[in-house]
Amino acid sequence: NAGVMQNPRHLVRRRGQEARLRCSPMKGHSHVYWYRQLPEEGLKFMVYLQKENIIDESGMPKERFSAEFPKEGPSILRIQQVVRGDSAAYFCASSLTGNTEAFFGQGTRLTVV
Amino acid sequence: EDQVTQSPEALRLQEGESSSLNCSYTVSGLRGLFWYRQDPGKGPEFLFTLYSAGEEKEKERLKATLTKKESFLHITAPKPEDSATYLCAVPSSRDKVIFGPGTSLSVIP
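The sections below set out a description of the structure shown in this document. As the structure is a computational prediction, the values presented were derived from the model and not from experiment.

Re the interface of chain A and chain B
Step number 1: The interface of chain A with chain B comprises 22 residues on the first partner and 19 residues on the second.
Step number 2: Together, Leu-43, Asn-99 and Glu-101 of chain A form the three largest contributors to the area buried by chain A at its contact with chain B, with a combined 30%.
Step number 3: Linking chain A with chain B are zero salt bridges, by the criterion used here.
Step number 4: The interface formed by chain A and chain B contains five residue pairs in polar contact (both at pLDDT 80 or more).

Things to note about the sheet that holds strand S3 (residues 19-24) of chain A
Each strand in a sheet pairs with its neighbour through backbone hydrogen bonds, running either in the same direction (parallel) or in the opposite one (antiparallel).
Residues and elements named next belong to chain A.
Step number 1: One open sheet accounts for four strands, arranged S1-S3-S8-S7; its pairing is antiparallel. In this open sheet, the two edge strands, each paired with only one partner strand, are strand S1 (5-7) and strand S7 (65-68). Averaged over neighbouring strand pairs, the angle between their axes works out to 15 degrees when direction is ignored.
Step number 2: As defined by bridge partners, S1 adjoins S3 across three bridges and the pair is classed as antiparallel. In the strand pairing of S3, Gln-6 is matched with Cys-23.

Digging into the state of the cysteines
Step number 1: The full count for this structure, using the stated rule, is two disulfides over all chains.
Step number 2: For Cys-23 of chain A, the disulfide goes to Cys-92 of chain A, at an S-S distance of 1.8 Å. Disulfide Cys-23 of chain A to Cys-92 of chain A: torsion about the S-S bond roughly -50 degrees, handedness left-handed. A residue pair is termed long-range when its members are at least 10 positions apart, and Cys-23 of chain A in strand S3 and Cys-92 of chain A in strand S9 (residues 88-95) qualify at 69 residues. For the residue pair Cys-23 of chain A and Cys-92 of chain A, the accessibility class agrees, reading buried in each case.
Step number 3: The disulfide partner of Cys-23 of chain B is Cys-88 of chain B, and the gap between their sulfur atoms is 1.9 Å. As the torsion about the S-S bond is roughly 80 degrees, the Cys-23 of chain B-Cys-88 of chain B disulfide counts as right-handed. Placement of Cys-23 of chain B in strand S3 (residues 19-26) and of Cys-88 of chain B in strand S9 (residues 84-91) is noted, with a sequence separation of 65 residues between them. One exposure class covers both Cys-23 of chain B and Cys-88 of chain B, and it is buried.

The rules behind the values
- Residues numbered from 1 in each chain as written.
- Chains lettered and ligands numbered in written order.
- Predicted model: local features only at pLDDT ≥ 70, side-chain atom pairs only at ≥ 80, totals over all residues.
- Heavy atoms only, no water.
- Contact = heavy atoms within 4.5 Å.
- Buried area = accessible area lost by both parts, 1.4 Å probe.
- Salt bridge = Lys/Arg side-chain N within 4 Å of Asp/Glu carboxyl O.
- Polar contact = N/O pair within 3.5 Å; in protein donor to acceptor, adjacent residues only side chain to side chain.
- Pairing = 2+ DSSP bridges.
- Helix = DSSP H or I, 4+ residues; strand = E, 2+ residues; numbered from the N terminus.
- Axes fitted to C-alpha atoms, helices over the stretch in contact; angles between N-to-C directions.
- Disulfide = S-S within 2.5 Å.
- Buried < 20%, exposed > 50% of the residue type's maximum accessible area, 1.4 Å probe, protein only.

Here it is in structure tokens:
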């Protein structure tokens, strides 16, 4: 049973470009979380999704950021018109239900130049 | 407001020196508490789930315990390879998992 897969592992974008981060949850998991982590800082919740639904996006900036988890395919975190402050590690996690432990991917490290 | 705090923020131990990490939480109706380990540059690795006060779980040199207000991660005779950031997390009343800030553990040979 493959773990949570994130790609790409590293992404470099110029200011103003778009970044698309992908997350394939563990098999059978329908709950997906996205977190952001700056160096030497903790995990900051961004968004919580279930298949085809955004359950909680309270941690996600209202502008330039969007997330989806379609019926088929991976979850996508999309950042439009990236700025240097978007540079961070973005982690995805999946769980079987909203009450069970979540398993993490290895993250996507976004660098905006 | 649902909240998770951890202490200490950082801990340095000599190899073999046992200690405990604390995780305190305020959440309506605890439905589980999770412990993770995170190594630099990697995603958090799941360690334990605790569901009810009095429950204990063990894995090698780690033992997690749970009370009604807090959880402890006890580290017995740690080794340098136990150095990592340890995170605890709880499902909030809105069904999203919220994480504490973590304790950075360094075990010195």
